[in-house]
Amino acid sequence: MVAIDTTPTAPATREQSLRQWLKRTQETLAYRSIQGRKFNRLFNLLRTKRLVEVALDNVLANTGAKTAGVDGVTRKELADAQSRTLLIEEINRELCSKTYQPRPVRRVYIPKSNGDQRPLGIPTIKDRVVQEMLRLILEPIYEARFYAHSYGFRPFRSAHHAAVRLKFLIGKQGYTVAVEGDIRKCFDRIHHDKLLDILRKTIRDERIIRIIREMLTAGVMEDGAWQVTDEGTPQGGIVSPLLANIYLNELDQFVAAKWDRLSDWTKRRHGKPSAIPCYIVRYADDFVILVRGTLEQGEQIKAEVAAFLTQELHLEVSTEKTLVTDVKQGIDFLGFTIRKYRSVTLITPSRKAMEKFRAKVKEKVQQYFWQGDVEGIAHLNRFLLGWGMYYRRVSSARQFRQADHYSITR
């Protein structure tokens, strides 16, 4: 018999050593979180140089590092080892001495599909590193506590998982009514004090809370003028999606308490009005609540959710866009339509997604083809490939034929 050497292999490089250390640390944090533990000395992790090194590597590996914040520093200025070492020392020194102060984010605007503009905040490289450090230690803690069926900005989850969950509830579990939720300007209106109170339920280290508060209130620079930010999380910040999920997890748990977390014995007595079978599926600030019942019960759930968002999370539901519909009419969610037919439930590209596709193809054809721009044609092909990859896992044969015909005839 040949003996197998089970001795752990020593890391060959500094980067591998750092990744192994981070993996062990995150596993420990997740395990403690699963046990329901509180975190009283989390700041001790934040002031380790190893965490700064990993965070800096992650930030510089992102293409967004080419874009400067208010200090004008980009990845180009941190190309050599000496400049990176100096930045690591500076961040570590300021965190240890509690003198770290986030800079305002630089605000830019990106166009939305409806013609409006979405504000985007660009932090400095230094602030991005600290935000990445926070993400690396907070994410394993809260991933262990998040509701199972929120899918946005979470590792190993996607919009497709959310759509498949809805299909399962409709097709296999017999859920008949959908509450399609729309929160007005959710990320711009997250209440800072409420968010910090939610964090304090788990994070008992006020040094961490202080840094997050200062990030939230650092303000924005627009056209050379500083503006205060007394609510909302800056879109574009590395830790902002995680903070938004922590905030909206309160909504997930509120809906889950109505049915998902009830005992089997209580569910068997669901004839009483207080126990309406319902499940929430959320992706960032978009959510659908499926109800196994009547349209009237769907309206009741909608009203209760709207009241909870207003009273507890200081958010507002759009009454015009928050709809209660029969699943046989179809649900539009994340570019998909999930619809119940007589004997089957299908996920297809939504009508709005097809309209956006045609508008995008038309725009690119007019922009590039008449000029004979080879690079433009390649850019269009990349768009077509990406669009096809997004929808290829659902029932999209008919829409693909339509898209193919439209692209050729343009």
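Residues numbered from 1 in each chain as written. Predicted model: local features only at pLDDT ≥ 70, side-chain atom pairs only at ≥ 80, totals over all residues. Heavy atoms only, no water.

So, on to the sheet that holds strand 8 (residues 323-326). Taken together, four strands build an open sheet; the order of strands is 6-7-3-8 and the sheet is antiparallel. Here the strands that pair on one side only, and so sit at the sheet edges, are strand 6 (278-283) and strand 8. Averaged over all adjacent pairs, the angle separating strand axes in this sheet is 20 degrees, with direction ignored. In the sheet, strand 6 pairs with strand 7 (residues 286-291) via six bridges, with the strands oriented antiparallel. (Pairing = 2+ DSSP bridges. Helix = DSSP H or I, 4+ residues; strand = E, 2+ residues; numbered from the N terminus. Axes fitted to C-alpha atoms, helices over the stretch in contact; angles between N-to-C directions.)

Time to look at the state of the cysteines. When the sulfur atoms of two cysteines share a covalent bond, that bond is a disulfide. Applying the stated rule across the entire model yields zero disulfides. Left without a disulfide partner, Cys186 is nearest to the cysteine sulfur of Cys278, which lies 20 Å away. Residue classification places Cys186 among the buried positions, given a relative accessible area of 2%. (Disulfide = S-S within 2.5 Å. Buried < 20%, exposed > 50% of the residue type's maximum accessible area, 1.4 Å probe, protein only.)

In this structure, Leu42, Leu46, Ile289 and Leu290 are the most contacted members of the largest nonpolar core, which totals 110 residues. Tallying contributions element by element places helix 5 (residues 125-143) first for this core, with ten residues. Ignoring sequence-local partners within four residues, the contact set of Leu290 consists of Leu166, Leu169, Ile170, Tyr175, Val177, Ala178, Pro277, Cys278, Tyr279, Val327 and Ile331. (Core = buried A, V, L, I, M, F, W, Y, C linked by side-chain atoms within 4.5 Å. Contact = heavy atoms within 4.5 Å.)

A few words on the sheet that holds strand 11 (residues 345-349). Strand order across the open sheet formed by three strands is 9-10-11, with antiparallel pairing between neighbours. Only two strands of the sheet have a single partner each, and these edge strands are strand 9 (331-333) and strand 11. Taken pair by pair, the neighbouring strands of this sheet meet at an average axis angle of 25 degrees, ignoring direction. Of the pairings in the sheet, the one linking strand 10 (residues 336-340) to strand 11 comprises five bridges and is antiparallel in character. Across the sheet, the residue bridging to Ile338 is Ile347, located in strand 11.

Glancing now at helix 12 (residues 351-368). Because each turn of an α-helix spans 3.6 residues, side chains separated by three or four positions end up pointing in the same direction. With 18 residues, helix 12 should cover 26 Å at 1.5 Å per step; its first-to-last C-alpha distance of 26 Å lies within 8% of that length. Within the sequence span of helix 12, burial applies to Ala353, Met354, Phe357, Val361, Lys364, Val365 and Tyr368. Down the axis of helix 12, the sector holding all buried residues measures 100 degrees, keeping them to one side. Looking at helix 12, the residues exposed on the side facing more than 90 degrees away from the buried face are Arg351 and Lys352. (Expected span 1.5 Å × (residues − 1). Arc of directions from axis to C-beta.)

This next bit is on the packing of aromatic side chains. Tallying each qualifying case throughout the model produces eleven aromatic pairs. A centroid spacing of 4.9 Å and a plane angle of 50 degrees characterise the contact between Trp387 and Tyr391, whose relative ring orientation is tilted. Of this pair, Trp387 and Tyr391 both sit in helix 13 (residues 374-391), separated by four residues, roughly a single helical turn. Tyr391 carries the same exposure label as Trp387, and that label is buried. By the ring-pair criterion, three or more aromatic residues cluster together here, those being Phe336, Phe357, Phe383, Trp387, Tyr390, Tyr391 and Phe400. One residue, Arg165, lies across the ring of Tyr279, its end atom 5.2 Å from the ring centre. (Phe/Tyr/Trp six-rings, centres within 6.5 Å; stacked < 30°, edge-to-face > 60°. Lys NZ or Arg CZ within 6 Å of the ring centre and 35° of its normal.)

On to the side chain of Glu139. Note that Glu139 resides in helix 5. In this structure Glu139 touches Pro155 and Leu242, once residues within four positions along its chain are discounted.

All right, on to the packing of helix 12 against helix 13 then. Remark: helix 12 packs on helix 13, axes separated minimally by 9 Å, with the N-to-C direction vectors making an angle of 170 degrees. The angle between helix 12 and helix 13 falls in the class roughly antiparallel. The residues of helix 13 that touch helix 12, namely those facing Ala353, Met354, Phe357, Lys360, Val361, Lys364, Val365 and Tyr368, are Gly376, Ile377, His379, Leu380, Phe383, Leu384, Trp387 and Tyr391. Along the lines of polarity and charge, the residues of the contact of helix 12 with helix 13 split into twelve nonpolar, two polar and two charged. (Parallel < 35°, antiparallel > 145°, perpendicular 65-115°, else oblique. Nonpolar A, V, L, I, M, F, W, Y, C, P; charged D, E, K, R; others polar.)

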